[in-house]
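The chain contents come next:
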Amino acid sequence: MNKLIYCTVTSNHYLFLAIVLAKSIKRADPDAKVFMCLVEEDDSFASPHLRHFDHVILGKELGFSNFYRHMFKHNAYEASGSCKARVMLYALNTFHYEDKFVFLDSDMKVFGPFNEIKESLNHHSIILSPHILETGNFEEAFLTSGVFNTGFFAIKRSEESYQFLNWWADRIEKACFNEPDQGFFLEQKWLDHAPVFFDINIW
């Protein structure tokens with residue numbers, strides 16, 4: 001139970017970025033596994049490139065109450081974000097012998113092993129990363145987009161992690177829209193509430 005499971009979600013349009021991410025993870029952490037969720041009807045376009053990932057599923061396998069109705073009310077950007085919590089739940093339920101999981105957006109690149117994250121997950125179940133760590137002139141910029149950056153978060157297998165992910169999955173299935181004037185910014189704004197309900201480690 002020493003491997004990190006790295007998770008991401010993407011569409012065909014951004015698949016090339018997810019491949020860069022997967023390659024960078026393997027260079028930095030050769031023992032890691034990379035799990036990708038592809039938000040497409042099928043994997044016919046992506047299939048020649050799936051060798052870069054250890055495990056791949058389609059978004060419709062994530063357990064949405066009505067996957068097609070859910071997808072058709074979102075654009076591609078919103079749809080991918082709305083899968084993040086369910087991707088992590090799927091990973092927890094699939095990789096039974098591992099207990100530490102990291103989510104990274106598919107447009108990221110890893111430059112070194114996540115040793116500090118591994119160590120922190122020995123003591124905390126949920127790690128979130130805020131956009132800013134110091135007071136200054138930028139706070140108001142995140143009143144719209146939210147306190148935390150959901151391009152990265154990490155989870156240790158625990159009852160609280162399941163509660164957190166199920167809570168978040170439920171909220172972003174109902175509303176994962178880019179409508180700042182209505183108080184929504186994709187899956188991200190919901191997490192402003194998370195430290196009130198759960199024991200969050202701020203990274």
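Calculation notes
Residues numbered from 1 in each chain as written. Predicted model: local features only at pLDDT ≥ 70, side-chain atom pairs only at ≥ 80, totals over all residues. Heavy atoms only, no water. Buried < 20%, exposed > 50% of the residue type's maximum accessible area, 1.4 Å probe, protein only. Helix = DSSP H or I, 4+ residues; strand = E, 2+ residues; numbered from the N terminus. Pairing = 2+ DSSP bridges. 1 Å grid on protein atoms, 1.4 Å probe; cavity = no way out; pocket = protein on both sides within 12 Å on 5 of 7 lines; lining within 4 Å. Points joined across faces, edges and corners; volume = space filled by probe spheres on them. Nonpolar A, V, L, I, M, F, W, Y, C, P; charged D, E, K, R; others polar. Axes fitted to C-alpha atoms, helices over the stretch in contact; angles between N-to-C directions. Left-handed = near helix turned anticlockwise from the far one by under 90°. Contact = heavy atoms within 4.5 Å. Phe/Tyr/Trp six-rings, centres within 6.5 Å; stacked < 30°, edge-to-face > 60°. Lys NZ or Arg CZ within 6 Å of the ring centre and 35° of its normal. Polar contact = N/O pair within 3.5 Å; in protein donor to acceptor, adjacent residues only side chain to side chain. Salt bridge = Lys/Arg side-chain N within 4 Å of Asp/Glu carboxyl O.

### Structural notes on the pairing of strand 4 (residues 100–104)
Here strand 4 lies mainly inside the structure; 5 of its 5 residues are buried. Neither face of strand 4 is left uncovered, since the one carrying Lys100, Val102 and Leu104 and the one carrying Phe101 and Phe103 both have all their residues buried. Summarising the sheet, strand 1 (residues 4–10) and strand 4 pair through 4 bridges and their orientation is parallel. Looking across to strand 4, one finds that Cys7 is bridged to Phe103.

### A closer look at the layout of surface pockets
As a volume, the largest pocket reaches approximately 410 Å³. Residue lining of the largest pocket: 21 residues in total, with Tyr77, Lys84, Asp105, Ser106 and Asp107 positioned closest to the centre. Every element with two or more residues in the lining of the largest pocket is listed here: strand 1, helix 3 (76–81) and strand 6 (148–156). By residue number, the principal contributor to the lining of the largest pocket is helix 3, which donates 4 residues. In terms of residue class, the lining of the largest pocket is made up of 7 nonpolar, 10 polar and 4 charged.

### Brief notes about the packing of helix 4 (residues 84–94) against helix 7 (residues 159–174)
At a minimum axis distance of 8 Å, the contact between helix 4 and helix 7 shows a crossing angle of 145°. Of the two possible hands of crossing, helix 4 and helix 7 adopt the one that is left-handed. Of the residues in helix 7, those in contact with Lys84, Ala85, Arg86, Met88, Leu89, Leu92 and Asn93 of helix 4 are Tyr162, Leu165, Asn166, Trp168, Ala169, Ile172 and Glu173. For the contact of helix 4 with helix 7, the per-class residue count stands at 9 nonpolar, 2 polar and 3 charged.

### Structural notes on the packing of aromatic side chains
Evaluated as defined, the whole model comprises 15 aromatic pairs. When the ring of Tyr6 is compared with that of Phe114, the centres are 5.5 Å apart and the planes differ by 75°; the resulting orientation is edge-to-face. With Tyr6 in strand 1 and Phe114 in the loop between strand 4 and helix 5 (115–121), this pair connects stretches of sequence that are 108 residues apart. Note on accessibility: Tyr6 and Phe114 belong to one class, buried. Judged by centre distance (5.7 Å) and plane angle (70°), the rings of Trp167 and Phe197 are edge-to-face. Here Trp167, found in helix 7, pairs with Phe197, found in helix 8 (residues 194–197); they are 30 residues apart in sequence, far enough to count as distant. Taken together, the aromatic side chains of Phe103, Phe153, Phe164, Trp167, Trp168, Phe197 and Phe198 make up a single cluster linked through ring pairs. Of note, Arg86 hangs over the ring of Phe64, and the distance from its end group to the ring centre comes to 4.6 Å.

### Things to note about the side chain of Thr150
With respect to the secondary-structure elements, Thr150 resides in strand 6. When its relative accessible area of 1% is taken as the criterion, Thr150 is described as buried. Reaching out from Thr150, the side chain makes a polar contact with the side chain of Glu187 at a distance of 2.5 Å. Contact partners of Thr150, with chain neighbours within four places excluded, come to Lys84, Phe103, Asp105, Trp168, Glu187, Gln188 and Leu191.

### Details of the pattern of salt bridges
Within this structure, the stated rule accounts for 8 salt bridges. Between Glu173 and Arg86 there is a salt bridge, with the nearest N and O atoms lying 2.5 Å from each other. Here Glu173 is found in helix 7, whereas its partner Arg86 is found in helix 4, with 87 residues between them in sequence. By the burial criterion, Glu173 is buried, and Arg86 matches it. We note a salt bridge from Asp170 to Arg171, for which the minimum N-O separation is 3.1 Å. What makes Asp170 partly exposed here is its relative accessible area of 30%. Each of Lys84, Asp105 and Glu187 takes part in a single network of salt bridges with overlapping partners.

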